[in-house]
Amino acid sequence: MKRILTVQDISCVGKCSLTVALPIISAAGVETAVLPTAVLSNHTAFQGFTFHDLTDDIAGISEQWKKEHITYDCIYTGYLGSREQIDLVAGLFEDYRLPKNIYVVDPAMADHGKMYAGFEPSFAKEMARLCAKADLIVPNLTEACFMLDEEFVETGYDRAYIENILKKLTDLGPEVAALTGVSFDDDKLGTMAYNRETGEFFEYYNKKMNVSFHGTGDVFASALVGALMNDFSVEDALKVAVDYTLAAIICTMADDQANWYGVNFEEALPEYLRLLHKVIG
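Cut-offs and rules
Residues numbered from 1 in each chain as written. Predicted model: local features only at pLDDT ≥ 70, side-chain atom pairs only at ≥ 80, totals over all residues. Heavy atoms only, no water. Helix = DSSP H or I, 4+ residues; strand = E, 2+ residues; numbered from the N terminus. Rg over C-alpha atoms; globule rule 2.2 N^0.38 Å. Buried < 20%, exposed > 50% of the residue type's maximum accessible area, 1.4 Å probe, protein only. Contact = heavy atoms within 4.5 Å. Lys, Arg positive; Asp, Glu negative; His and termini not counted. Charge placed at Lys NZ, Arg CZ, Asp CG, Glu CD. Salt bridge = Lys/Arg side-chain N within 4 Å of Asp/Glu carboxyl O. Core = buried A, V, L, I, M, F, W, Y, C linked by side-chain atoms within 4.5 Å.

Student: Residue-level account of the overall build of the protein chain, with values.
Tutor: Counting its regular elements, the protein chain contains 9 helices and 11 strands. Against the globule reference of 19 Å for 281 residues, the protein chain gives a C-alpha radius of gyration of 17 Å, in line with a compact fold. Overall size of the protein chain, expressed as C-alpha extent along the three principal axes, is 50 × 45 × 40 Å. Residues classed as buried in the protein chain amount to 50% of the 281 residues present. Excluding contacts between residues fewer than 6 apart, the proportion of contacts in the protein chain whose partners are at least 24 apart in sequence is 65%. Each charge class in the protein chain was averaged separately, 22 positive and 42 negative side chains, and the resulting centres sit 4 Å apart.

In structure tokens form, the structure reads like this:
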């Protein structure tokens, strides 16, 4: 069984970060170790929240793992709360690098043209340093534009605009960059990616729902990592992530008691498992 390490906060209520990554990747049949960077009562989209910083614990936890000779097939990072945490994670990347493991960074810090609560735009430059050390990064368009100092265009962009963003993202260092939430059609939403080594673009879309839910980026990235650890190609793993995220949204829309703060990814897990066992052409 493969083992991944995911490094991000844990929001006790909110369906994001570790409370999404752990069940989704585990359902994919992958041992999922966690390194919490902070504990929040609930995620930051609520009107208020408590926050307990775990930065000072990260180095000691990693040192214990090294004593136990624990290794990882993948390290996947999500929400990181400070420059110091980024520096510590960059150190983890150096300490645990093996010839065949991969590093996936979801630079979770912004959406819809704005930084998340508690972040300044300058934080994006720090996140770009971590993305430079990754093999695959999965920002949304807002995060990409903040990291690159590019003008953010929420709708009405063309392929040339997205292709330029993707190439500049891989210029930071990762082999592959995949933008989430890409749409060139009112009825379709998905992802577009660029592989710096092959010089090829890839895109995949499914039905666009006229709703917005918190945590879908975490669902997407976690589903992607689970598929990669099941030996899917990056392209097929992106397809799985798009389709599963849509399935979670559809389940949420059908639930008249659904909570506003996240999607019913749990209810959609059977569809995720179906996608993992489906031959994708």
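Still more ground to cover, so stick around.
Student: Which residues make up the pattern of salt bridges, and what are the values?
Tutor: Using the criterion set out here, one finds 16 salt bridges in the structure. Between Asp149 and Lys125 there is a salt bridge; the shortest N-O distance is 3.1 Å. Separated by 24 residues along the polypeptide, Asp149 in the loop between α5 (141-148) and α6 (159-171) and Lys125 in helix α4 (residues 123-131) bring together distant segments of the chain. Among the residues examined, Asp149 registers a relative accessible area of 61% and is labelled exposed. With a closest N to O distance of 2.9 Å, Glu126 and Arg129 form a salt bridge. You can see Glu126 and its partner Arg129 sitting in helix α4, 3 residues apart, about one turn around the helix. The class for Glu126 is buried, based on a relative accessible area of 17%. When salt bridges that share partners are traced, they join Arg83, Asp87, Glu126 and Arg129 into one network.

Student: So what's going on with the nonpolar core? Residues and values would help.
Tutor: The biggest cluster of nonpolar side chains holds 48 residues, and the ones touching the most others in it are Met109, Met127, Leu130, Ile165, Leu169 and Leu179. Once residues within four sequence positions are removed from consideration, Met109 is found in contact with Met115, Tyr116, Phe119, Phe123, Ala124, Met127, Glu143 and Met147. Phe202, Leu228, Val240 and Phe265 belong to the second-largest nonpolar core, a separate cluster that totals 45 residues.

Student: Quick rundown of α4? Include the residues and the values.
Tutor: Buried residues dominate α4, accounting for 7 of its 9 residues. If you follow the buried residues of α4, they end up packed against β4 (74-77), α3 (83-96), β5 (102-105), β7 (114-115), β8 (136-137) and α5.

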